[in-house]
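The lines below spell out each chain.
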Amino acid sequence: MPEPTQSTKDEDVLNLARTRYRIMEEAEYAIRRASLEDIKFTYNIDDGQWPAEIKSQRLADQRPCLTSNKLRKFVAVVANQERENRVAVRVRPVDDTSDVEVAQILEDLIREIEYSSAADEIYASAGEQAAAGGFGYWRVLTRIPEDGFDQEIFIEHIENQFSVYMDPRRNYCFISDFMTSTDFKAEYPDADATDFSQRGLGEKYALWYEPDKVRVAEYFQKEPFTRHLFKVQNPDTGQVGVVELKDGQTREDIEAAKFTILEDRKSKSHKVRWYKITGNQILEQEDWPGSEIPVVEVVGDKVNISGKTHKRSLIRDGKDPQRMYNYWLTTETETISLAPKAPYIV
């Protein structure tokens, strides 16, 4: 099936997104495999504290695999400490043009956003993810209420930390999930109805399609642009400030506003662009109203060795002692249960 028609710019965005996603997936494969093993070990999911081959052999021989999980409580202690010691945001004026009252208003607004979002629990949940698996995430979103027009800010927990791929330099980020073809067509009826079970899409789509499913990703990227700044002075008050030249404006527009231009310069900056994409199509796109990607990573133990980043959980070094304890407990129980019972003789 031919690919849907895309503009040259959109196709460039998609090509770059696919390349970046593949690079991140390959770079973090070992980290995420170890993290998933740590999470299953911490919560003992699918008897995760027993190696699969040993468990299979013992079950085949009808021998027990007992588990007494000693590590879960340490993760719970860390999470509960975060819940008790709540994080508080403080806004401080830092220069001679700052206003203490404005800083207090901003601080109150941030606390209101946190309160309405139940941010305390979100921070604690992301911290527990980091303790159990090495990393967790939460994000900032905006929305317009159904009965209003003013945009609201709120904080949201990302439940599946494996759905996020964040560039270490924070130049781009993916938050992805799979949708069935039925749900996808219902939500995006005008989108290209690509056969999601098709396997002939080429190598560049290998990470985006599964049988009857398609990966839909939110894709944030920083896009560079140049700002033209003017240092101006109000001749009536003598106050000095900075004005940015917007699209369609000229130097004469600033002078017409009766400002005295003291100096000007070009400044390299960036904006954050948000896309919702599949492997071969941009579904939605808009500018994010902020200068940074609104996804926050919470890490457990993070270290860079020879240029390679390692993310470790709280329980990583406790796994072998826990396995030893489980084996000793099982052996002791097995030995006692198989010991001969001498009859009482009167």
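Keep in mind that what you see is a predicted model, and the values were worked out from it rather than measured.

Participant: I'm lost on the overall build of the protein in this one. Help?
Facilitator: What the protein contains, in helices and strands, is nine helices and 12 strands. Taking 346 residues into account, the globule formula puts the C-alpha radius of gyration at 20 Å, and the protein, at 28 Å, lies well above it. Its C-alpha atoms put the protein at 115 × 60 × 50 Å along the principal axes. For the protein, with 346 residues in total, the buried portion stands at 35%. Contacts spanning at least 24 positions in sequence make up 68% of the contacts within the protein whose residues lie at least 6 apart. A total accessible area of about 21900 Å² is found for the protein, and carbon and sulfur atoms account for 52% of it. Seen as two clouds, the 47 positive and the 62 negative side-chain charges of the protein have centres 6 Å apart.

Participant: It is not clear to me how the packing of helix α2 (residues 29-43) against helix α9 (residues 319-338) should be interpreted in this structure. Could you clarify?
Facilitator: Packed helix pairs are specified by the crossing angle of their axes together with the interaxial distance, meaning the distance between the axes. Contact geometry for α2 and α9: axes closest at 12 Å, N-to-C directions at 40°. Relative to α9, the element α2 is oriented oblique. Of the two possible hands of crossing, α2 and α9 adopt the one that is left-handed. Residues Glu37, Asp38 and Phe41 of α2 pack against Lys319, Gln322 and Arg323 of α9. Partitioned by chemical class, the residues of the contact of α2 with α9 number one nonpolar, one polar and four charged.

Participant: Explanation requested: the sheet that holds strand β10 (residues 295-299) in the structure shown.
Facilitator: Adjacent strands of a sheet form backbone hydrogen bonds with each other and so pair up, either parallel or antiparallel. With respect to topology, three strands assemble into an open sheet ordered β2-β1-β10, the strand pairing being antiparallel. Of all the strands in the sheet, just β2 (152-158) and β10 have a single pairing partner and so form its edges. Strand-to-strand, the axes of this sheet are offset by a mean angle of 20°, without reference to chain direction. With seven bridges joining them, strand β1 (residues 135-143) and β2 adopt antiparallel strand pairing. Across the sheet, the residue bridging to Tyr137 is Ile158, located in β2.

Participant: Is there a simple way to think about the packing of aromatic side chains in this case?
Facilitator: Aromatic ring pairs are defined here through the distance separating the ring centres and the angle between the ring planes. Here the structure, examined in full by the defined rule, presents nine aromatic pairs. Aromatic pair Tyr172 and Phe174: ring centres 6.1 Å apart, planes at 75°, arrangement edge-to-face. Above the plane of the ring of Phe41 lies Lys319, whose end atom (NZ or CZ) is 5.7 Å from the centre.

Participant: Sorry, what's going on with α9 here?
Facilitator: What sets the pattern is the α-helix's 3.6 residues per turn: residues three or four places apart point alike. Here α9 is 20 residues long and its end C-alpha atoms lie 28 Å apart, about the 28 Å a rise of 1.5 Å per residue gives. Among the residues of α9, those classed as buried are Lys319, Gln322, Asn326, Thr330 and Glu334. Relative to the axis of α9, the buried residues are bounded by an arc of 100° and lie together on one face. Opposite the packed face of α9, turned more than 90 degrees from it, sit the exposed residues Asp320, Trp328, Thr335 and Ile336. Those residues of α9 that are buried are in contact with α2 and α3 (52-60).

Participant: Mind showing me how you'd approach the confidence of the model for the protein here?
Facilitator: Detailed conclusions should not be drawn from predicted coordinates in areas where pLDDT is low. Per-residue confidence for the protein gives a mean pLDDT of 87, with 94% of residues at or over 70. Confidence over residues 1-5 falls short of pLDDT 50; this stretch has nine contacts with residues more than four positions distant or in other chains. Scored below 50 in pLDDT, residues 195-202 makes 17 contacts in the model with residues more than four places away or belonging to other chains.

Participant: Please clarify how the nonpolar core should be interpreted in this entry.
Facilitator: Among soluble globular proteins, nonpolar side chains are generally buried collectively. With 23 residues, the main nonpolar core has Phe174, Phe184, Tyr219 and Ile277 as its most contacted residues. Here the element with the most residues in this core is helix α1 (residues 8-27); it accounts for five residues. Other than its neighbours up to four places away in sequence, Phe174 contacts Ala17, Arg20, Tyr21, Ser163, Val164, Tyr165, Ala217, Glu218 and Tyr219. Core analysis: the second largest hydrophobic core is formed by 14 residues, Val164, Met166, Trp274 and Trp288 among them.

Participant: Looking at this structure, how should I read the pattern of salt bridges?
Facilitator: When the charged atoms of two side chains lie near each other, side chains of opposite charge can form a pair. Enumeration according to the criterion identifies 30 salt bridges in this entry. A salt bridge links Glu37 to Arg323; the nearest nitrogen and oxygen atoms lie 3.5 Å apart. Remark: Arg323 occurs in helix α9 and Glu37 occurs in helix α2; sequence separation between them is 286 residues. Asp287 is the salt-bridge partner of Arg273, the closest N and O atoms lying 2.8 Å from each other. Taken together, the residues span a long stretch of sequence, with Arg273 in strand β8 (residues 260-277) and Asp287 in strand β9 (residues 282-288) at a distance of 14 residues. With a relative accessible area of 17%, Arg273 lands in the buried category.

Participant: Is there a simple way to explain the pairing of β1 in this structure?
Facilitator: The pairing of β1 with β10 spans five bridges and is classified as antiparallel. Bridge pairing in β10 places Trp138 opposite Val296.

The rules behind these values
Residues numbered from 1 in each chain as written. Predicted model: local features only at pLDDT ≥ 70, side-chain atom pairs only at ≥ 80, totals over all residues. Heavy atoms only, no water. Helix = DSSP H or I, 4+ residues; strand = E, 2+ residues; numbered from the N terminus. Rg over C-alpha atoms; globule rule 2.2 N^0.38 Å. Buried < 20%, exposed > 50% of the residue type's maximum accessible area, 1.4 Å probe, protein only. Contact = heavy atoms within 4.5 Å. Areas by Shrake-Rupley, 256 points an atom, 1.4 Å probe, with all protein chains shown as cover. Lys, Arg positive; Asp, Glu negative; His and termini not counted. Charge placed at Lys NZ, Arg CZ, Asp CG, Glu CD. Axes fitted to C-alpha atoms, helices over the stretch in contact; angles between N-to-C directions. Parallel < 35°, antiparallel > 145°, perpendicular 65-115°, else oblique. Left-handed = near helix turned anticlockwise from the far one by under 90°. Nonpolar A, V, L, I, M, F, W, Y, C, P; charged D, E, K, R; others polar. Pairing = 2+ DSSP bridges. Phe/Tyr/Trp six-rings, centres within 6.5 Å; stacked < 30°, edge-to-face > 60°. Lys NZ or Arg CZ within 6 Å of the ring centre and 35° of its normal. Expected span 1.5 Å × (residues − 1). Arc of directions from axis to C-beta. pLDDT = per-residue confidence, 0-100. Core = buried A, V, L, I, M, F, W, Y, C linked by side-chain atoms within 4.5 Å. Salt bridge = Lys/Arg side-chain N within 4 Å of Asp/Glu carboxyl O.

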